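Analysis of the macromolecular model
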Amino acid sequence: MDSHNERPTVEVLSGIREIPVDVWQELAPPDDPMWAWQVFDAMERGAIGVDRFGYAVLREGARISAVLPMSGQRALRLENVVGPRERRLLAPVVRWAPRTLGVPMLFCGHFIGQGHLLAREPLSGPALEALVAAALGFARRHRLGTVVFKDFGERDLTPLRPALHAHGFFFAPALPDTELALGHGSFDAYLAALPAKPRRNARRNIRVFEDSGLRMEMLTAFGPLLPDMLGLYRQVMDRADQVLDVIDGSFLRALQEADGLDERLVACFEGRRLVGYLHCFLRGRGMVAARIGMDYRLAHAARLYHNLHYAAIALGIAEGREHIRFAQTAYEPKREMGCVLVEQSYAMTHLRPLPRAALRALLPAALRSAHAEALAPRS
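Just so we're clear, the structure is a prediction, and the values are computed from it rather than from any experiment. (Residues numbered from 1 in each chain as written. Predicted model: local features only at pLDDT ≥ 70, side-chain atom pairs only at ≥ 80, totals over all residues. Heavy atoms only, no water.)

Observations concerning the pattern of salt bridges
As enumerated under the stated definition, the model contains 21 salt bridges in all. A salt bridge links Arg325 to Glu179, with the shortest nitrogen-to-oxygen separation between them at 2.8 Å. With Arg325 in strand E12 (residues 323-326) and Glu179 in strand E7 (residues 170-181), this pair connects stretches of sequence that are 146 residues apart. On the basis of relative accessibility, which here comes to 14%, the residue Arg325 falls in the buried class. One network of salt bridges, with partners in common, ties together Arg17, Asp41, Arg45 and Glu257. (Salt bridge = Lys/Arg side-chain N within 4 Å of Asp/Glu carboxyl O. Helix = DSSP H or I, 4+ residues; strand = E, 2+ residues; numbered from the N terminus. Buried < 20%, exposed > 50% of the residue type's maximum accessible area, 1.4 Å probe, protein only.)

Below is the structure:
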């Protein structure tokens, strides 16, 4: 019998290594390096805050035609993922009853990247419904009451909406990513194409950095620097408005050990000491600056944040990439660099009716407030 005529079935696998690399790479977005098989393998081998992984796999006969990755947390800290205003309101609860803010939650899509449902071709309504039902079944088996399709762009979310609506999901804005088109022949051409004020600011930031005595390097092998990277990363996380995942050394080591992963470190040194970095990944026509670390002792004086991003932009141009994507933070300087916002959404529900009603009443407004506060101009 032709496998294409067989009724699709869904099974849940427990690890990325149960999915052949070539099948995954064929399904994954070709220009998003965060969706490389090796990144998911490193996530499973490292400690990024996930307690359980799963992969809802749609098969037509023996052929895998779609994959929905899932990441479960037994006790996500609510105060870490809301905005500063909501965190202030939750502060008394954090002090007196911290356990009440630990929420069992299942994330569908990518725990540390943009959300996608991987598929060879557009899926039928019954196939999409079966994948959503598989995610809810996984959540029930592992007592993960809240289920979230995380950071999905509208293109990926639109086909899923009917199945999500049917299972009681509601929708709320997620923080947007930022993306910069790299259609320039050189970094100087990129600077010249900026509007007058951003161009003047960029050149002033570059002069300040050049006068600081720091130096920038591009590295492909940086295992000995991992402890220093983690220390600088924690400085950034300590100042972050929202924290979902917190990476560790085992995750970074797994990435360095992976074969076939194009990984770069934009590294800034004071003498021999690492004082800042952008951890970048390249694939196809795309590039992602995934994580940043900085020494705040000198970050402002040396314009370190801006110059790490300029160096990553220069790297992307030199490598012939068409775009570079940055993290969901510091929107004002990134817009000045020429980035556009990539809007994203959450689809969420709870397995039980009463908590679902409470979440539907409270979370969209809180997330809209956090979204507006993150995008507001800063003094």
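Let's pick the thread back up.
Brief notes about the pairing of strand E2 (residues 52-60)
Here E2 lies mainly inside the structure; eight of its nine residues are buried. The pairing of strand E1 (residues 9-13) with E2 spans five bridges and is classified as antiparallel. Within E2, the residue paired with Glu11 across the bridge is Val57. (Pairing = 2+ DSSP bridges.)

Quick notes on the confidence of the model for the chain
The share of residues in the chain with pLDDT of 70 or more is 89%, and the mean pLDDT across the chain is 89. Counted against residues more than four places away or in other chains, residues 96-101, with its pLDDT under 50, gives twelve contacts. (pLDDT = per-residue confidence, 0-100. Contact = heavy atoms within 4.5 Å.)

Quick word on the packing of aromatic side chains
Here the structure, examined in full by the defined rule, presents ten aromatic pairs. Joined through ring pairs, the aromatic side chains of Trp24, Trp35, Phe40 and Tyr55 make up one cluster. (Phe/Tyr/Trp six-rings, centres within 6.5 Å; stacked < 30°, edge-to-face > 60°.)

A closer look at the pairing of strand E10 (residues 273-283)
Taken across its eleven residues, E10 has ten buried, putting it largely inside the fold. In terms of strand pairing, strand E9 (residues 262-270) meets E10 through nine bridges, oriented antiparallel. Along E10, the bridge assignment pairs Phe269 with Leu274. Taking the residues that link successive antiparallel strands as the turn, the E9-E10 hairpin has two residues, and the phi of Gly271 there is positive, at about 65°. As paired elements, E10 and strand E11 (residues 286-294) share eight bridges and run antiparallel to each other. Each bridged residue has a counterpart across the sheet, and for Phe281 the counterpart in E11 is Val288. In textbook terms, the turn of a hairpin is the stretch between consecutive antiparallel strands, and for E10 and E11 this stretch comprises two residues, one of which, Gly284, has a positive phi near 55°.

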